[in-house]
Amino acid sequence: MPDLRPFWRAGQLAGNQFREDADNLNKHASDTWQVHAANLPEQISYESALQAGRAFVQGYAKSSGYLPEIVPLPLRHVAAAVVCACNEESTLGQVLVQLGRLPLRDIVVVLNGTTDNSLERVLEQPGITLVYEPERAGHDVGRALGAKMTDAESVLFVDGDMVIPAEQLAPFLFAIDRGQDVALNDLTSLLPPFAKQDEVSRIKAYLNHTLGRRDLGSNSMTAVPHALSRRMIQAVKPASLVVPPKAQMLAIKQGLKVSAPCQVDVIRSNRLRAGNTGSGNDVARLILGDHLEALASWMGTSEHALRTNLPSRAEVAYRRNVR
């Protein structure tokens, strides 16, 4: 645990420099905090780093008279967020507000197939990079597009239909900033035992098990929020993000660092639609197909290629019976 007093005093000094006519209180507080965050030890834990940031914010509020609405996350590298949305006017504005509390250089919103007022909600927020596609492209295509629209070294992916507090998003960025390449949402404790899981959760676990990453359970890039490093995006190519399980397979195959550092309960908060409810729904079939594509791609590589000289069922039976 670092000594918090220097960070409190640094915040107090920064707060004294704030003027009410400054463009943005949160931006000033976040920018000055990032300067002092460079003094944190490189191997500091997320909890300790956040405590140092909170001490800075308390000192800032004490001297300025204003409490910044930021998450004082110490990042060493440039970070961005990609938001995919289609007809999310009721939630999209608040999603962007929460992202604005994080130290992000870029926020890319990919609107596709929107027929409501989602576009107006985006235009109400300053500093947003907008990608507008009139036709429905889907979230996976949107994430691939968004990843190409920023060169940030850490990229957080969220959807426009779920308002997740910035405090719950921060650990994903911190994990990537400190060396991970893929930071997945850890849903393990929210799922029932394997025997009672649905086919989607099972095939996610099967893919991870096949790839030698049983520790990942059913955690997958099909779920948000998750974050990726620029190294990962370049290694697997942005186009692979169109099929998230395939991108995850490629990351594991190439020896990149894949983990599930934190949990956001998106199961109970997931917006129910006609296409994602009921057994064998459209979304479930899509996810199953994506995982089968990932498995087929993995097994098609030379080191994992299926043997073509497998014995016939009759030959197996003969060998067993003659023993």
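This structure is a prediction, so every number in the text was calculated from the model and none was measured. (Residues numbered from 1 in each chain as written. Predicted model: local features only at pLDDT ≥ 70, side-chain atom pairs only at ≥ 80, totals over all residues. Heavy atoms only, no water.)

Time to look at the pairing of strand β5 (residues 182-185). Burial along β5 is two-sided: V182 and L184 and A183 and N185, pointing in opposite directions, are all buried. Two elements, β5 and strand β6 (residues 226-229), share two bridges in a ladder whose sense is antiparallel. Counterpart to V182 in the pairing with β6 is L228. Pairing of β5 with strand β7 (residues 258-262), which is carried by three bridges, proceeds in the parallel orientation. For V182, the partnering residue across the bridge sits in β7 and is V258. (Buried < 20%, exposed > 50% of the residue type's maximum accessible area, 1.4 Å probe, protein only. Helix = DSSP H or I, 4+ residues; strand = E, 2+ residues; numbered from the N terminus. Pairing = 2+ DSSP bridges.)

Moving on, we get to the nonpolar core. Ranked by internal contacts, the top residues of the largest apolar core, which has 56 residues, are V83, L99, L102 and L156. Elements that contribute at least two residues to this core include exactly α1 (5-17), α2 (25-37), α3 (46-64), β1 (79-85), α4 (92-99), β2 (106-112), β4 (154-159) and α7 (166-177). In terms of domain composition, this core takes at least three residues from each of domain 1 (4-64) and domain 2 (79-300). (Core = buried A, V, L, I, M, F, W, Y, C linked by side-chain atoms within 4.5 Å. Domains from an automatic or database assignment.)

So, about the side chain of Q197. Looking at the secondary structure, you find Q197 in the loop between β5 and α8 (199-210). Looking at Q197, its side chain comes within polar contact range of the main-chain oxygen of P192, at 3.0 Å. (Polar contact = N/O pair within 3.5 Å; in protein donor to acceptor, adjacent residues only side chain to side chain.)

It is worth spelling out the sheet that holds β6 at this point. The seven strands are arranged β3-β2-β1-β4-β6-β5-β7 in an open sheet whose pairing can be described as mixed. Lying at the two open borders of the sheet, with one neighbouring strand each, are β3 (129-133) and β7. For this sheet the average axis-to-axis angle between neighbouring strands, irrespective of direction, equals 20°. (Axes fitted to C-alpha atoms, helices over the stretch in contact; angles between N-to-C directions.)

A separate point is α7. Between its terminal C-alpha atoms α7 stretches 16 Å, which fits the 16 Å expected from twelve residues at 1.5 Å a residue. Of all the twelve residues making up α7, ten are buried; the element is thus mostly covered by neighbouring parts of the structure. Directly beyond the C-terminal end of α7, a positive phi value near 120° is found at G179. (Expected span 1.5 Å × (residues − 1).)

The next subject is the packing of aromatic side chains. By the definition in use, this model includes six aromatic pairs. Residues F7 and W33 carry aromatic rings whose centres are separated by 6.1 Å and whose planes lie at 65° to one another, so their mutual orientation is edge-to-face. Pair noted here: F7 is in helix α1 and W33 is in helix α2, with a separation of 26 residues, a long-range link. On the accessibility criterion, F7 (8% relative accessible area) is buried. Given the relative accessible area of 0%, W33 is considered buried. Pairing F18 with Y66 gives two aromatic rings, centres 5.8 Å apart and planes at 75°, and the pair type is edge-to-face. You can see F18 sitting in the loop between α1 and α2 and its partner Y66 sitting in the loop between α3 and β1, a full 48 residues away along the chain. Overall, F18 belongs to the buried group, its relative accessible area being 11%. What makes Y66 partly exposed here is its relative accessible area of 32%. An aromatic cluster is built from F7, F18, W33, F56, Y60 and Y66, whose rings are joined through pairwise contacts. Over the face of the ring belonging to F194 we find R202, whose NZ or CZ atom lies 5.3 Å from the ring centre. (Phe/Tyr/Trp six-rings, centres within 6.5 Å; stacked < 30°, edge-to-face > 60°. Lys NZ or Arg CZ within 6 Å of the ring centre and 35° of its normal.)

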